[in-house]
Amino acid sequence: MRNLNSKLINSLYLIRNVSLVFLLSFGVIAKEIYITPETLNGAWPNILPGDMVIFSAGEYRGALALPGNKSWSARVPTKFVAATVGRVVIKGSDIVGGWVEMGGTRFATDWPGEPAQVFVDGVALAQLAGSVFGGYPNQPVSVYNGMHKESGGVWPGRFVYAPASPMPMNSFFYDKDARKLHLNLQGNPNQKKVEVSVRGRLFYAEGVNGIVLDGLNFEHSNTSISGRGAAVTIIGNDNVIRNVTVQQTDLAGIQMVGDRNQLLDSTASKNGQLGVAMRGSNNRVVNVDASYNNTRGFNKWWEAGGFKFVGNGGLQSSEVVGNTAVGNQGDGIWFDWKNKNNIIRKNVSAYNTGFGIHYEASRSGVIQDNYVFGNGQRGIYLSDSANCWVTHNLVVGNSLEGVVAVYSGRKDAQGEEFGADGNKVYANIIGWNKGPALIMPKGPADPGISDGNVFFTDAKPLKFSLGYPSLMSPVTQSLEGWRKLSGMDGRSIARELPMPAEVATTLSKRLEAPTWTTVKALAGDLRASAGISLSDVLLPGRQENAIGPRD
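Please read these numbers as outputs of a predicted model, since none were measured by experiment. Each chain has its residues counted from 1, running along the sequence as written. Residues qualify for local features only when their pLDDT is at least 70, as the model is predicted, and side-chain atom pairs are given and counted only at 80 or more; totals for whole chains, interfaces and linings, by contrast, use all residues. Neither water nor hydrogens contribute to the side-chain values; these are computed over all heavy atoms in the structure.

**With respect to the sheet that holds strand 11 (residues 118–120)**
Moving on, step 1. The antiparallel open sheet is built from four strands, whose spatial order is 8-16-11-12. Each edge of the open sheet is held by one strand with a lone partner, namely strand 8 (93–95) and strand 12 (123–124).
Moving on, step 2. At least two DSSP bridges between two strands are required for those strands to pair. Working definition: helices are DSSP H or I runs of at least four residues, strands are E runs of at least two. Numbering for both runs from the N terminus. The sheet contact formed by strand 11 and strand 12 spans two bridges and is antiparallel. Bridging from a neighbouring strand, Phe119 pairs with Ala124 of strand 12.

This is the structure in structure tokens:
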């Protein structure tokens, strides 16, 4: 083995721009590989497990894929890093020239296939009459044709366009029959930087362990034309994405599948459908910004928004901590279908058109210390989910209810009911939401418990109900009535007062970082003056007698 290692080491000196880093015990050399935009394609096939690949600053045009048949190992991670964080941009688009004037402000060029995105000087043009997922909505046999018909199908934001009609300004259209790409814009595109998406995946690795992405930026993709997925996808175990930005892609930004994976200190914003998707067990999502996603208008009831955890058991025994989901066209943070034993803590979910935090058909989630405000639907929503804790959250100014936990008898494919038993709602600040402050389940044997909360309202009466409000389950119009109906919230407090001016102003301007000092102080003073304590309740996490998020 000593002679073999000597030969390997000697051979490395023949490789230009490669320096020896360390020697693995089984005789494989790990090395540093320095890459520039010009050398990317030539260097990429030479990458081996354990290498450190260092990208110099610049704009890269290529799809990076790792074969799954190599011994990628978490024992000796393979790292892909930027020499300078934020200065490496890997794009799934190409720069296109040769535009021919077609009359007025319309230009065209020959183009071999449909693009999902066109950017002019960094600004996205609107797509007209586009198709996704192999032909939807034009393909008569598409599996997506029957989905969500009642709410516009899976892509209600699609621009309908008749080719013979005038194109709106700042738009593009692909004529499949003539194989021409048309633009309508002010000025000559030959004098601008026109980027057309051509590559489906920007970084794709399946069957890998110990992959680290650090400090890289990714933009533009053409994933949706043929199928679904994310521009940056890693499938395997013990992988890390850190200090990475994925933005302005055509579908999802980042996807990680597997166990013990980590997504840290990263951004997935302004993507066509979804910011972040993840599934597996013992994973961590920490300090990630998934904001302003679903720019192409996919159906939020299907899959769109900031974060979504779904598929094959979803996310289990994992942490989603310190993240931001703001301004998404859809839910901010969505756990869907058989997720369990997750901690969702210290996140901000605000101004999303859907729900703030949505825990659906799952169980045993700990949702605590979150700020959930200004969302277009419910603040925190447990849909057929059991044994969850909702504690120490601030849920303010949402356009429907504050906190909702409901039971519908939903079952999985094997006929097993998800249930909604045993949910616990403690020590939250719930105020000034447009719908009822709180809905707890009606139907399960154990409807759970709510207590130690502070409820604020303005001139409207506070509303509560067991199950969705109906003739059979009318809302109660006061905390006292709710106590009599449910036996819950005996140690909670309700106060009628206007929303503090600084909070109202912040929400009206949709600012991302309101000052909550006044609201939290009011809630704390009310509890203190009433002598209310939850010291006898074993809450998850720190056992302090606090109200609302514990910063």
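What follows picks up the thread again.
**So, the pairing of strand 7 (residues 88–91)**
Moving on, step 1. Under the scheme applied here, a residue whose accessible area is under 20% of the maximum for its type counts as buried, over 50% as exposed, and between as partly exposed, the area being computed with a 1.4 Å probe on protein chains only. Taking every second residue as pointing to the same face, both faces of strand 7 are buried, with Val88 and Ile90 on one and Val89 and Lys91 on the other.
Moving on, step 2. Sheet topology note: the strand 4 (residues 58–61)/strand 7 ladder contains four bridges and is parallel. Bridging from a neighbouring strand, Glu59 pairs with Val89 of strand 7.
Moving on, step 3. The sheet contact formed by strand 7 and strand 19 (residues 217–219) spans three bridges and is parallel. Note that in strand 19 the partner of Lys91 across the bridge is Glu219.

**Remarks on the pairing of strand 6 (residues 78–82)**
Moving on, step 1. Among the five residues in strand 6, four count as buried, and that is most of the element.
Moving on, step 2. Here strand 3 (residues 52–55) runs beside strand 6; their pairing, made up of four bridges, is parallel. Following the sheet pairing, Ile54 is matched in strand 6 by Val81.
Moving on, step 3. Across four bridges, the pairing between strand 6 and strand 18 (residues 211–214) is parallel.

**Description of unusual backbone geometry**
Moving on, step 1. Residues Tyr136 and Pro137 are joined by a peptide bond in cis, for which omega reads 5°.
Moving on, step 2. Topologically, Pro137 is positioned in the loop between strand 13 (126–128) and strand 14 (171–175).
Moving on, step 3. With phi around 55°, Ala129 is a residue other than glycine that occupies positive phi space.
Moving on, step 4. Inspection of the secondary structure puts Ala129 in the loop between strand 13 and strand 14.
Moving on, step 5. Given the relative accessible area of 13%, Ala129 is considered buried.
Moving on, step 6. Although it is not a glycine, Trp432 adopts a positive phi angle of roughly 55°.
Moving on, step 7. Examined against the element boundaries, Trp432 turns out to sit in the loop between strand 43 (429–431) and strand 44 (438–440).

**A short note on the pattern of salt bridges**
Moving on, step 1. Salt bridge, as used here: a side-chain nitrogen of Lys or Arg that lies within 4 Å of a carboxyl oxygen of Asp or Glu. Counted under the stated rule, the structure contains 26 salt bridges.
Moving on, step 2. Among the salt bridges present, the one from Glu401 reaches Arg378, with a minimum N-O distance of 2.8 Å. Residue Glu401 is found in the loop between strand 40 (394–396) and strand 41 (403–406), and its partner Arg378 is found in the loop between strand 37 (371–373) and strand 38 (380–383); the two are separated by 23 residues along the sequence.

**Observations regarding helix 5 (residues 517–530)**
Moving on, step 1. A helix is expected to reach a length of 1.5 Å times the quantity of its residues less one. Given a rise of 1.5 Å per residue, 14 residues ought to cover 20 Å, and the 20 Å separating the end C-alpha atoms of helix 5 matches this to within 8%.
Moving on, step 2. Turning to helix 5, its buried residues number three or more, namely Val519, Lys520, Ala523, Leu526 and Arg527. For helix 5, the arc enclosing every buried residue in end-on projection is 130°, short of the 170-degree limit, so these residues lie on one face. Seen from the open side of helix 5, the exposed residues pointing more than 90 degrees away from its buried face are Thr517, Asp525, Ala528 and Ser529.
Moving on, step 3. The contact criterion used is simple: two residues touch if any of their non-hydrogen atoms lie within 4.5 Å. In the core, the buried residues of helix 5 are packed alongside strand 37, strand 40, strand 43, strand 46 (454–457), strand 48 (493–496) and helix 4 (501–508).
Moving on, step 4. Once helix 5 finishes, Gly531 follows within two positions and takes phi at roughly 65°, a positive value. The directions considered for the arc run from the helix axis to the C-beta atoms.

By themselves these figures say nothing about function.
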